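# Topology and contacts: notes
The chain contents come next:
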Amino acid sequence: MIKVSAKTKRYLVPIISVIAGFLIGAIIMLIWSYNPITAYSSMFASALGNMNGLGETIREATPLIFTAVGFAIASKAGFFNIGLPGQAQAGWLTSVWIVLANPTLPKYILLPLAILAGALAGAIVAGIAGFLRAYFGTNEVITTIMLNYIVLYLCQYLMQQVMPESLRNGADTTKDIPANGSLHLDWLSHLFGDSRINAGIFLGVGAILIYWFLMKKTTVGFEIKAVGLNPFASRYAGISAKKNIILSMLLSGGFAGIGGVVQGLGTYQNYFTQTSSINIGWDGLSVALLGNSTAIGILIASLLFSILKIGGLGMQTVAGVPYEIVSIVIAAIIFFIAIKYVFDLLFAVKKTASYKHPLKKGTEIGPNNGVDGPNIKLQKEGPVL
Amino acid sequence: MNLTSLLALIVSSTLVYSAPLILASLGGVYSENSGVVNIGLEGIMTVGAFTSIIFNLTFAQDFGAATPWLGALVGAIFGLIFSLLHAFATINLHADHIISGTVLNLLAPPLGVFLIKAIYEKGQTPNITANFGYTNIPGLADIPVIGKIFFTNTSAPAWLAIIITVLLWWILYKTRIGLRLRSTGENPQAADTLGVNVYKMRYIGVLTSGFMAGLGGAVFAQSISGNFSISTIVGQGFMALAAVIFGKWNPIGAMLSSLFFGFAQSLSIIGNQLPGFEKIPTVYMQIAPYVITIVVLVVFLGKSVAPAAAGVNYIKSK
């Protein structure tokens, strides 16, 4: 057992998990006679080695920041929002639709409108689960999973059957959005080797700051955390559990929705039929778990997973290793995060401050000192609990 | 189309789509009754699906008609092995059940596609030649009308699943091991006090769920999809999980809800062949199982129907 301070341990858990995840990936590659060193070096080279790769990595991280913040807010309130894919998808379709339907509106109205509408769509989807949890005690894990599929099929239906044909290219793709509804920035894209990086990243950094501020500096964040830590105690303190359950799910879904918006108005510039729950939802969940739901943790974890995902494409072409190894590494990392009990066995937290009672061991506390308690003898000195 | 053949069509397609759900949901029932929430059913089904397909493609010429059955067994065994990960993480290492289950779901599809790519050098397997197909149950198929509707051109795995349901119900509610299993899901401390090995019971629960979900995935792959790709198992496991809850954590209930979900799923496939259904947009059929699950959860179930200690780690004191 290794003794470390509590703070060091907080950093060690994710770092060791990441290293262990990469090792698992390397072992699998070795078993199937791929060279892990070539694979990983080509991964990092293609994700970070040139401006285009760097731009794509940042672009990939953008929606993950939003979905991860969404997951984190819900988990602070004690909920496992596994419905991120559905919420993001709702945001994606809504924002693209709004932009396509109002191509003549000026950019300063259209863009904020589309983003807010996307956030609202995600918030509504998550809000259903929050409402059912607050008023009926329905398990949010099940409802959000079910909502993922409901949204998946509804989006397919809405796009293929309800959306006017003039907004679509055939059955499976919408038309590309006009420039005044797009997050695309020419100078930014050129700066990063004509990659698909877009203004979403500024929104993403903003989201991280808002999340940090919300959780650390506002009553809303305090109440959400209190409900998550102890719903009964917060009820005695006059905090409405129902209100905070719904509020946290609305916020969570809102952020996830903007994650979808960034995909639609930034990355793809359109919406196309999805056959399974969209990736940014699951990846956002992984990012939040790795980042331990802290603002800075989410930022770093989203960049790390984007390096894996963008670098994985390069790894596939350069080293010939199937892209799926990336997802295996991510899953392995989350597995190691999940079994943090092992880290408790490996690392003991150093006792920094020690509590010393002013009285000597065995000294009797007189009736006055003990107020109206019984006469007790101090048995031992111990750490501050 | 006359009434008998119409009913026969509905029944047989319902059974085909229900079989994987019944098998996987039975696994879920065992896992949750032992106190371990298993949202990794989806991932385990994926493992069952791709291992059975690989087996089927490799050995079809050696085993002939027995291949899909052996493939199902292989899928089940690999499902069991895969679920060891969840069992070890949750029971021994006190991992959060939802996160650990999510890891299974995150891990299985890329693992499957990685292996498929490593073996077949493309992201999707060829189609299998030996699949479950449709069977006439000997003897029962000769009964007039009923035989035609239920036992002719029907899904053999589905009937097997129904028989397994009864067996597993009997084990869970009528035997000593079943009682012990349920006791660890309701109150592990009390069970431990009475000498029940909680960890062992929970292992039995989770590994049963691995075996059954693997079997379900294998049946799905070899009777419905016919090959393996990233989109072979999409939502089957989650639907099985819903069936567990809809069925109130009881094997018979899980089977009945799986049959219902299978019926709803098959309606979205065969709906346009049925009179009166062709006008309803398929989206309603597609979302029906999920909407109904939510409604049932809200309307019919209180908070305390699940095994009391499901999802709660039991840490034996030293």
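Residues numbered from 1 in each chain as written. Chains lettered and ligands numbered in written order. Predicted model: local features only at pLDDT ≥ 70, side-chain atom pairs only at ≥ 80, totals over all residues. Heavy atoms only, no water.

Another aspect to go through is the interface of chain A and chain B. Counting residues at the interface gives 40 residues for chain A and 40 residues for chain B. Buried surface at the junction of chain A and chain B, summed over both partners, amounts to about 3,800 Å²; 85% is from carbon and sulfur atoms. With its nearest N and O atoms 2.9 Å apart, the salt bridge here joins glutamate 324 of chain A to lysine 117 of chain B. Where chain A meets chain B, there are 3 residue pairs in polar contact (both at pLDDT 80 or more). Residues that form the side of chain A that touches chain B fall into these classes: 32 nonpolar, 7 polar and 1 charged. (Contact = heavy atoms within 4.5 Å. Buried area = accessible area lost by both parts, 1.4 Å probe. Salt bridge = Lys/Arg side-chain N within 4 Å of Asp/Glu carboxyl O. Polar contact = N/O pair within 3.5 Å; in protein donor to acceptor, adjacent residues only side chain to side chain. Nonpolar A, V, L, I, M, F, W, Y, C, P; charged D, E, K, R; others polar.)

What follows concerns the nonpolar core. Core analysis: the biggest nonpolar cluster contains 196 residues, and Leu265, Leu290, Phe305 and Ile325 of chain A have the highest contact counts within it. Of all the elements, helix α14 (residues 324-338) of chain A adds the most residues to this core, at 13 residues. With residues up to four places along the chain from it excluded, the contact list for leucine 265 of chain A reads Ser95, Val96, Val99, Leu111, Ala114, Ile177, Gly181, Ser182, Leu183 and His184 of chain A. Counting 6 residues, the second largest nonpolar core, distinct from the first, contains Leu6, Leu267, Ile270 and Met285 of chain B. (Core = buried A, V, L, I, M, F, W, Y, C linked by side-chain atoms within 4.5 Å. Buried < 20%, exposed > 50% of the residue type's maximum accessible area, 1.4 Å probe, protein only. Helix = DSSP H or I, 4+ residues; strand = E, 2+ residues; numbered from the N terminus.)

The final tally for this structure, using the stated rule, is 25 aromatic pairs over all chains. Seen from their ring centres, phenylalanine 22 of chain A and phenylalanine 44 of chain A are 6.2 Å apart, and the 25° between their planes marks the pair as stacked. Of the two residues, phenylalanine 22 of chain A sits in helix α1 (residues 6-31) while phenylalanine 44 of chain A sits in helix α2 (residues 36-48), which places them 22 residues apart along the sequence. Note on tyrosine 199 of chain B and tyrosine 314 of chain B: the rings are 6.4 Å apart at their centroids and 85° apart in plane angle, and the pair reads as edge-to-face. Remark: tyrosine 314 of chain B occurs in the segment after α12 (282-299) and tyrosine 199 of chain B occurs in helix α9 (residues 198-225); sequence separation between them is 115 residues. (Phe/Tyr/Trp six-rings, centres within 6.5 Å; stacked < 30°, edge-to-face > 60°.)

Before going further, it helps to examine a positive patch on the surface. Residue and element names in this part refer to chain A. Where like charges cluster on the molecular surface, the positive patch consists of Lys7, Arg10, Lys216 and Lys217. Within the secondary structure, arginine 10 is located in helix α1. Residue classification places arginine 10 among the exposed positions, given a relative accessible area of 52%. (Patch = residues over 30% accessible without salt bridge, like charges linked within 9 Å, V, L, I, M, F, W, Y side chains within 5 Å. Areas by Shrake-Rupley, 256 points an atom, 1.4 Å probe, with all protein chains shown as cover. Lys, Arg positive; Asp, Glu negative; His and termini not counted. Charge placed at Lys NZ, Arg CZ, Asp CG, Glu CD.)

What is shown is where atoms sit, not what they do.
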